[in-house]
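Structural features, examined
Each chain is listed here by its residues.
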Amino acid sequence: MMQAMRQTIAHCQRIELLGQRVRLHFECVAALAPGQFVLARVAPAFDPYLRRSLFPSVITPNGFAADLAEDDPALRFIAPGSDVDVLTPAGSPVGGPPAASRLLLIADQTPAVLLPVAARAIESGGSVTLLLAQPYPLDALDPRLEIRVGSLPELAADFAPTADLVFIHTAQSLHRPIAQALASARPTVAAGFARALFAPPMPCGTGACGACAVRTARGWKPACTEGPFFNLADLET
Ligand code: FES
């Protein structure tokens, strides 16, 4: 059963520069699990019912961190010491991987939203390989991750045979080539083997407004409550 969201304050403790990205560290009773996110009212002048999603790159017992591009408009409103009104936790958790799982993470622009999944897998004795389309600042990544940079479908085919679970954060146009690469590299692809993040704007976060509806093989689903991770096979429509 999904945990009810609560409205609370996320206090920005510090900001860390990671190449062209900025990591915001928040103290917050966020109660986040990997796969979940917060809905933040970043700018006080905006409509109070319109929020933006902040996906954690790090989840701690006392809060979370979120990585933003250095030109993200939210950075005009968030600085060390500022408070952000958030609804948390939003979305469905991906669940803990079985102990000693081998995870394959695939990202084209930034792997940040996949990092809590990686951390959970490593905590439970698993291993994680991260496939990137372009280099990412190493100081933003756990040194225990195995990292490969290159063509994502080709790398996915190389690593799929030994993976237990796959998590993907790429442009939608890459979903089909990656799905085909995974299918070509394994005798069977079980339901739930590969999950892709789908995160359109989510202004309400409650499944009420329909703005985040995602077309899946099982019909239209709100990403804010039934996502943001969906079975890759269900997105192949
Ligand atoms: S954001 Fe309103 S239904 Fe998902």
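Basis of the calculations
- Residues numbered from 1 in each chain as written.
- Predicted model: local features only at pLDDT ≥ 70, side-chain atom pairs only at ≥ 80, totals over all residues.
- Heavy atoms only, no water.
- Buried < 20%, exposed > 50% of the residue type's maximum accessible area, 1.4 Å probe, protein only.
- Helix = DSSP H or I, 4+ residues; strand = E, 2+ residues; numbered from the N terminus.
- Contact = heavy atoms within 4.5 Å.
- Pairing = 2+ DSSP bridges.
- Axes fitted to C-alpha atoms, helices over the stretch in contact; angles between N-to-C directions.
- Salt bridge = Lys/Arg side-chain N within 4 Å of Asp/Glu carboxyl O.
- Core = buried A, V, L, I, M, F, W, Y, C linked by side-chain atoms within 4.5 Å.
- Domains from an automatic or database assignment.
- Arc of directions from axis to C-beta.
- Polar contact = N/O pair within 3.5 Å; in protein donor to acceptor, adjacent residues only side chain to side chain.
- Nonpolar A, V, L, I, M, F, W, Y, C, P; charged D, E, K, R; others polar.

On to helix α1 (residues 115–123). Listed as buried for α1 are Leu-115, Pro-116, Val-117, Ala-118, Ala-121 and Ile-122. The inward-facing, buried residues of α1 abut β2 (21–27), β5 (56–60), β8 (102–107), β9 (127–132) and β11 (165–169). Gly-125 sits one or two positions beyond α1 and adopts a positive phi of about 85°.

So, about the sheet that holds β9. Taken in spatial order, the 6 strands line up as β10-β9-β8-β11-β12-β15 in an open sheet, and their pairing is mixed. Looking at the sheet topology across the chains shown, the edges are occupied by β10 (146–149) and β15 (229–231). Averaged over neighbouring strand pairs, the angle between their axes works out to 20° when direction is ignored. Sheet topology note: the β8/β9 ladder contains 6 bridges and is parallel. From the neighbouring strand, Leu-103 faces β9, where its bridge partner is Val-128.

The next point concerns the pattern of salt bridges. Applying the stated criterion across every chain, the model contains 10 salt bridges. For Arg-144, the salt bridge identified is with Asp-142, shortest N-O distance 2.8 Å. We classify Arg-144 as exposed; its relative accessible area is 60%. On the accessibility criterion, Asp-142 (25% relative accessible area) is partly exposed. One salt bridge in this structure joins Glu-146 and Arg-148, with 3.0 Å as the shortest N-O distance. Relative accessible area serves as the criterion here: at 31%, Glu-146 is assigned to the partly exposed category. Here the salt bridges share partners, and the residues they tie into one network are Arg-41, Arg-51 and Asp-85.

Moving on, we get to the nonpolar core. Counting residues in each nonpolar core, the largest one holds 56 residues, and the members touching the most others are Ile-106, Val-166, Phe-167 and Leu-182. Per-domain counts for this core show at least three residues from each of domain 1 (6–90) and domain 2 (102–197). Grouped together as the second largest cluster of nonpolar side chains are 19 residues, Ala-30, Ala-40, Val-42 and Leu-68 included.

Further remarks concern the sheet that holds strand β4 (residues 52–54). What the 7 strands build is an open sheet, ordered β4-β3-β7-β1-β2-β6-β5; its pairing is antiparallel. If you trace the sheet from one side to the other, it starts and ends with β4 and β5, each paired once. Strand-to-strand twist of the sheet, defined as the mean angle between neighbouring strand axes without regard to direction, takes the value 35°. In the sheet, strand β1 (residues 6–18) pairs with β2 via 7 bridges, with the strands oriented antiparallel.

With that settled, consider helix α2 (residues 152–159). Those residues of α2 that sit buried are Leu-152, Leu-155, Ala-156 and Phe-159. In an axial view of α2, the angular spread of the buried residues amounts to 105°, which keeps them on one side of the axis. Seen from the buried face of α2, the exposed residues on the opposite side, beyond 90 degrees, are Glu-154 and Asp-158. Buried residues along α2 sit in contact with β8, β9, β10 and α3 (175–185).

Summarising the sheet, β1 and strand β7 (residues 83–90) pair through 6 bridges and their orientation is antiparallel. If you follow Ile-9 over to β7, its bridge partner there is Asp-85. Taking the residues that link successive antiparallel strands as the turn, the β1-β2 hairpin has 2 residues, and the phi of Gly-19 there is positive, at about 60°.

What follows concerns the domain arrangement of the protein chain. Each assigned domain of the protein chain is listed with its residue range as follows: domain 1 (6–90) and domain 2 (102–197). Each of domain 1 and domain 2 has a C-alpha centre, and the two are 24 Å apart. Run the count over domain 1 and domain 2 and you get 0 salt bridges. Inspection of the domain 1/domain 2 interface yields 2 residue pairs in polar contact (both at pLDDT 80 or more). Broken down by secondary-structure element, the contributors of at least two residues to the side of domain 1 that touches domain 2 are β2 and β5. The biggest single contributor to the side of domain 1 that touches domain 2 is β5, with 4 residues. When the residues that make up the side of domain 1 that touches domain 2 are grouped by side-chain class, the tally is 6 nonpolar, 2 polar and 3 charged.

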